[in-house]
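Fold and geometry: a report
What follows is the residue order along each chain.
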Amino acid sequence: MSITVDVVSRRDSFDVEAAFEAAAGETVALLGPNGSGKSTLVATIAGLLPPVRGRIELEGSLLDDARSGTHVSSDRRPVGVVFQDLLLFPHLSALENVAFPLRARGVARSEAHRRALGLLGRFDVDQRAHARPSELSGGEAQRVALARALIAEPKLLLLDEPLSALDVGARTRIRDLLREELRRFPGVRIIVTHDPVEATTLADRLVLLEGGRITDVGTPDEIRTRPRTRYAADLVGVNAFQGPLDRLEDGSGAIVTDGGRIIVAWPEWYERGDVIGVLRPPDVTLSIELPMGSARNVLRGVVRSVVIDGQRARVRLATSPELIAEITAGSVERLGLRDGVETWASFKAVEVDVLPL
Amino acid sequence: MASSRPSSRTPAAWIPLAAIGIALVALPMIGLLLRAPWSRIGEVLGGDAALTALRLSLVVATAASVLSLVTGFPLAWLLARRGFAGKTLVRALVVMPLVMPPVVAGVGLLAAFGRRGVVGSVLDEWFGFQLTFTTGAAVLAAWFVSFPLAVLALEAGLRGLDERLEDAASTLGASRGYVLRRITLPLLAPQIAAAAVLSWARALGEFGATITFAGNLRGRTQTLPLAVFERLQTDPDAAFGLSLLLIAVAFVVIFGLRGRFLR
């Protein structure tokens with residue numbers, strides 16, 4: 001079970017060219033800035049916008065083939081979409097929204113409502129079954145939209161910016177729910193997002209989209225080590241530390257990762273659970289000897305790889321936790337950095353942005 | 001206090017001007033109430049002729065309103081959602097009946113559907129069918145003048161409707177027909193009701209096009225406004241009574257539906 005997309009889609013005379021595959025059981029994130037063509041691609045995969053060239057194949061059946069003129073219309077595709085603005089039907093209750101795909105397929109009303117209520121129960125919103133979408137909180141609406149996309153058992157689940165509409169508190173809970181549901185979903189999972197944290201925490205593999213073209217494909221780790229574009233380096237190629245926060249005596253905090261502790265400024269909003277700390281590689285200082293400065297984080301490790309791209313070099317370090325540093329090519333030469341050389345990495349606690357997960 | 005805010009103070013000049021406006025609308029109705037032949041109101045309104053005209057008016061207005069909705073919806077959809085060559089021209093055409101003197105509309109209908117009209121001659125020749133001076137002609141005249149109101153109201157409604165909701169429904173497995181039935185039409189219900197009432201009220205009051213194209217035949221084409229016009233020359237008291245009846249019917253409908261869409 002898998003999807004193969006190899007299309008050129010056109011909307012408002014802007015061409016989006018994309019070729020990628022996704023296997024069942026893996027989550028692929030289409031990551032790109034606004035205007036990169038993400039929503040055009042969503043519309044194409046959902047069957048709302050026939051591609052001008054190319055083909056889409058899902059589980060061996062052809063959904064689009066521009067050459068032979070094949071186009072399976074959106075209502076006949078086994079694709080469940082959760083749209084960015086959810087697009088719940090305002091005149092129907094939560095229950096009727098979730099039952100809608102079954103009713104559209106001719107399932108009797110009582111049976112459709114019974115199954116919809118069951119699914120709402122699994123998402124813990126069954127007590128809101130008779131509320132209108134306007135009466136639901138952001139998190140509740142998100143659950144209803146997810147249930148509506150899943151109820152007809154699609155082969156492909158397509159989530160468009162699933163967390164962008166939520167506030168910080170709801171985001172954490174919905175992210176957990178999403179991760180759980182993505183894991184349970186047996187088919188192909190695609191999320192579309194402009195948020196690298198969302199992409200790297202939910203997806204196994206990233207497809208980067210910039211200006212209507214795919215610029216990079218790989219696991220978050222691969223892209224972090226060897227980003228192929230500036231966008232990839234700036235957004236995905238960051239150091240990310242995940243774990244619960246520990247309060248230190250001086251009022252700062254430490255993210256307790258599997259590999260070790262990272263000192264950060266204490267975020268006032270923190271209550272419990274995991275956080276993600278984001279550190280940009282240019283903020284990491286490398287030195288051959290133990291640095292004696294204000295940096296609270298000082299880690300020692302050997303160089304695992306050095307990738308030079310023009311004037312910049314990305315250095316991957318086998319510290320604990322692992323780090324990526326970005327320095328000038330000149331510094332690489334001056335410090336004599338190459339694979340296996342032992343080095344010190346340091347960065348200040350305030351340079352780590354702490355985000356709720 | 002809210003009333004002390006400068007922006008909430010009512011300009012002094014507005015009160016007499018607003019009063020003139022209300023008086024303009026209310027005085028003819030008050031006049032009718034005063035001039036109506038109350039002593040023989042039962043005889044005037046309960047008479048066969050009045051009841052026949054009332055029944056015919058209701059049938060004609062309702063038929064015209066339904067036809068305007070059924071033919072207006074697809075056109076409104078095209079105008080709201082599709083770009084096509086000549087769209088500006090089509091939009092100008094659609095509102096023409098609103099700005100055209102009704103008697104001219106009647107003459108135009110005669111030119112098209114009369115026995116020697118473009119379409120009328122074909123109908124007569126091929127089917128031996130003559131539309132003029134039938135109830136069908138009265139419906140056609142009322143349809144003609146009420147159609148633009150239905151199209152305008154429906155088009156405004158369709159423009160305000162988020163098309164992405166229909167897209168979402170289609171990705172959830174809904175066919176076009178099912179999307180129309182479960183999403184588009186229910187979401188448009190207030191605008192459809194507005195279009196229905198506006199076109200119905202316009203059709204109910206139609207006079208010029210009807211009398212020109214359909215004639216003034218009791219029981220066939222003589223709607224209430226035509227009956228009023230006829231009585232005005234023979235029995236003015238009865239004309240006042242019938243006018244009052246016409247206003248009462250329209251008022252009951254508008255007032256009964258208030259809150260649904262009239263805010």
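Every value quoted in this text rests on a predicted model; they were computed, and no experiment measured them.

With that settled, the discussion passes to the overall build of chain B. Scanning chain B for helices and strands turns up 12 helices and 0 strands. Each helix and strand of chain B, ordered N terminal to C terminal, gives the series α-α-α-α-α-α-α-α-α-α-α-α. Principal-axis analysis of the C-alpha atoms places the extent of chain B at approximately 75 × 65 × 30 Å. Computed over 23 positive and 13 negative side-chain charges, the inter-centroid distance for chain B is 8 Å.

Moving on, we get to the overall build of chain A. The secondary structure content of chain A amounts to 9 helices and 21 strands. Relative to a compact globule of 357 residues, whose C-alpha radius of gyration would be 21 Å, chain A shows 23 Å and is just as compact. The principal-axis extents of the C-alpha atoms in chain A amount to approximately 75 × 50 × 30 Å. A buried classification covers 54% of the 357 residues belonging to chain A. When the accessible surface of chain A is split by element, carbon and sulfur atoms take 46% of a total near 15800 Å². A distance of 3 Å separates the average location of the 45 positive side-chain charges in chain A from that of its 50 negative side-chain charges.

A separate point is the environment of Ala 43 of chain A. By secondary structure assignment, the location of Ala 43 of chain A is in helix α1 (residues 38–46). Once you skip the residues sitting within four places of it in the chain, Ala 43 of chain A turns out to touch Arg 11, Leu 48 and Leu 49 of chain A.

What follows deals with the side chain of Thr 171 of chain B. Counting through the fold element by element, Thr 171 of chain B comes out in helix α8 (residues 163–171). When neighbours within four sequence positions are excluded, Thr 171 of chain B is seen to be in contact with Ala 46, Leu 48, Ser 74, Val 79, Val 81 and Phe 83 of chain A.

For the rest of this paragraph, the subject is the packing of aromatic side chains. One pass over the full model with this rule turns up 7 aromatic pairs over all chains. Centre to centre, the rings of Phe 241 of chain A and Phe 347 of chain A are 6.2 Å apart; their planes meet at 5°, and the pair counts as stacked. Here the residue Phe 241 of chain A occupies a position in strand β12 (residues 239–247), and Phe 347 of chain A occupies one in strand β20 (residues 342–347), the gap between them amounting to 106 residues. Judged on exposure class, the residue Phe 241 of chain A and its partner Phe 347 of chain A are both buried. Every member of this aromatic cluster is reached through a ring pair, and the members are Phe 89 and Phe 100 of chain A together with Tyr 178 of chain B.

Right, let's get into the layout of surface pockets. All names here are of chain B. Empty space within the largest pocket amounts to approximately 640 Å³. Listing elements by their share of the lining of the largest pocket, those giving two or more residues are α3 (48–81), α8 and α9 (176–204). Among the elements that take part in the lining of the largest pocket, α9 stands out by supplying 5 residues, more than any other. Among the residues forming the lining of the largest pocket, the class breakdown is 7 nonpolar, 8 polar and 7 charged.

Okay, the sheet that holds strand β18 (residues 312–317) of chain A next. Backbone-to-backbone hydrogen bonds pair the strands of a sheet. The strands run either parallel or antiparallel. All names here are of chain A. Strands sit in the order β16-β20-β17-β18-β19 across an open sheet of 5 strands; the sheet is antiparallel. Strand pairing shows two members of the sheet lacking a second neighbour, β16 (285–287) and β19 (323–328), which therefore form its edges. On average, adjacent strands in this sheet sit at an angle of 45° to one another, irrespective of strand direction. Direction of pairing for strand β17 (residues 297–309) relative to β20: antiparallel, over a ladder of 6 bridges. Bridging across to β20, Asn 297 finds its partner in Phe 347.

Now for the side chain of Thr 193 of chain A. All names here are of chain A. Looking at the element boundaries, Thr 193 is found in strand β9 (residues 188–193). For Thr 193, a relative accessible area of 0% translates into the label buried. Within the structure, Thr 193 has its side chain in polar contact with the backbone nitrogen of Asp 195 (distance 2.9 Å). Excluding its chain neighbours within four sequence positions, the residues that come into contact with Thr 193 are Leu 30, Leu 31, Gly 32, Lys 38, Glu 161, Glu 198 and Ala 199.

In terms of nonpolar packing, the biggest core is built from 56 residues, with Ile 3, Ile 45, Phe 89, Phe 100 and Ile 190 of chain A touching the most fellow members. Here this core takes 7 residues from α9 of chain B, the largest share from any one element. Excluding its chain neighbours within four sequence positions, the residues that come into contact with Ile 190 of chain A are Ile 3, Phe 20, Val 28, Leu 30, Ile 45, Leu 156, Leu 157, Leu 158 and Leu 159 of chain A.

A few words on helix α11 (residues 224–234) of chain B. Among the residues of α11 of chain B, those classed as buried are Leu 224, Pro 225, Leu 226, Ala 227, Val 228 and Arg 231 of chain B. Residues of α11 of chain B that are buried make contact with α3, α9, α10 (208–213) and α12 (236–256) of chain B.

Bringing a nonpolar patch on the surface into the picture now. All names here are of chain B. On the surface, Leu 89, Leu 93, Met 96, Leu 98, Val 99 and Leu 152 cluster together to form a nonpolar patch covering roughly 570 Å² of accessible area. In terms of residue count, helix α4 (residues 87–99) provides more of the nonpolar patch than any other element does, 5 residues in total. Tracing the chain through its elements places Leu 98 in helix α4.

Right, let's get into the interface of chain B and chain A. Chain B puts 17 residues into the contact, and the matching count from chain A is 21 residues. Taking both sides of the interface into account, the surface hidden between chain B and chain A amounts to around 1700 Å²; carbon and sulfur atoms contribute 66%. The three residues of chain B that bury the most area against chain A are Thr 171, Leu 172 and Arg 182 of chain B, which together make up 38% of that side's buried surface. Where Asp 85 of chain A meets Arg 164 of chain B, a salt bridge forms, and the shortest distance between an N and an O atom there is 2.8 Å. The tally of links between chain B and chain A comes to 5 residue pairs in polar contact (both at pLDDT 80 or more). Looking at the side of chain B that touches chain A, the elements that each hand over two or more residues are α8 and α9 of chain B. Of all the elements, α8 of chain B adds the most residues to the side of chain B that touches chain A, at 7 residues. For the side of chain B that touches chain A, the residue count by class is 9 nonpolar, 4 polar and 4 charged.

A few words now on the environment of Arg 55 of chain A. Residue and element names in this part refer to chain A. Within the secondary structure, Arg 55 is located in strand β4 (residues 53–58). For Arg 55 and Gly 80, which are 25 residues apart along the polypeptide, the C-alpha to C-alpha distance reads 19 Å. Leaving out residues up to four positions away in the same chain, Arg 55 has contacts with Thr 4, Val 5, Asp 6, Val 7, Leu 62, Asp 64 and Asp 65. There is a polar contact of 2.7 Å between the side chain of Arg 55 and the side chain of Glu 57.

Turning next to the sheet that holds strand β13 (residues 253–256) of chain A. All names here are of chain A. Strand order in the open sheet formed by 5 strands is β14-β13-β12-β15-β21, and the pairing between neighbours is antiparallel. A strand with exactly one partner marks an edge of an open sheet, and here the two such strands are β14 (261–264) and β21 (353–356). Sheet twist, expressed as the average angle between the axes of neighbouring strands with direction ignored, equals 45°. As paired elements, β12 and strand β15 (residues 274–279) share 6 bridges and run antiparallel to each other. Pairing of Phe 241 across the sheet is with Gly 277, part of β15.

Turning to helix α5 (residues 168–184) of chain A, a few remarks are in order. End to end, α5 of chain A covers 24 Å across 17 residues, agreeing with the expected 24 Å (1.5 Å per residue, within 8%). Taken together, the buried positions of α5 of chain A are Ala 170, Ile 174, Arg 175, Leu 177, Leu 178, Glu 181 and Leu 182 of chain A.

Cut-offs used in this document
Residues numbered from 1 in each chain as written. Chains lettered and ligands numbered in written order. Predicted model: local features only at pLDDT ≥ 70, side-chain atom pairs only at ≥ 80, totals over all residues. Heavy atoms only, no water. Helix = DSSP H or I, 4+ residues; strand = E, 2+ residues; numbered from the N terminus. Lys, Arg positive; Asp, Glu negative; His and termini not counted. Charge placed at Lys NZ, Arg CZ, Asp CG, Glu CD. Rg over C-alpha atoms; globule rule 2.2 N^0.38 Å. Buried < 20%, exposed > 50% of the residue type's maximum accessible area, 1.4 Å probe, protein only. Areas by Shrake-Rupley, 256 points an atom, 1.4 Å probe, with all protein chains shown as cover. Contact = heavy atoms within 4.5 Å. Phe/Tyr/Trp six-rings, centres within 6.5 Å; stacked < 30°, edge-to-face > 60°. 1 Å grid on protein atoms, 1.4 Å probe; cavity = no way out; pocket = protein on both sides within 12 Å on 5 of 7 lines; lining within 4 Å. Points joined across faces, edges and corners; volume = space filled by probe spheres on them. Nonpolar A, V, L, I, M, F, W, Y, C, P; charged D, E, K, R; others polar. Pairing = 2+ DSSP bridges. Axes fitted to C-alpha atoms, helices over the stretch in contact; angles between N-to-C directions. Polar contact = N/O pair within 3.5 Å; in protein donor to acceptor, adjacent residues only side chain to side chain. Core = buried A, V, L, I, M, F, W, Y, C linked by side-chain atoms within 4.5 Å. Patch = residues over 30% accessible without salt bridge, like charges linked within 9 Å, V, L, I, M, F, W, Y side chains within 5 Å. Salt bridge = Lys/Arg side-chain N within 4 Å of Asp/Glu carboxyl O. Buried area = accessible area lost by both parts, 1.4 Å probe. Expected span 1.5 Å × (residues − 1).

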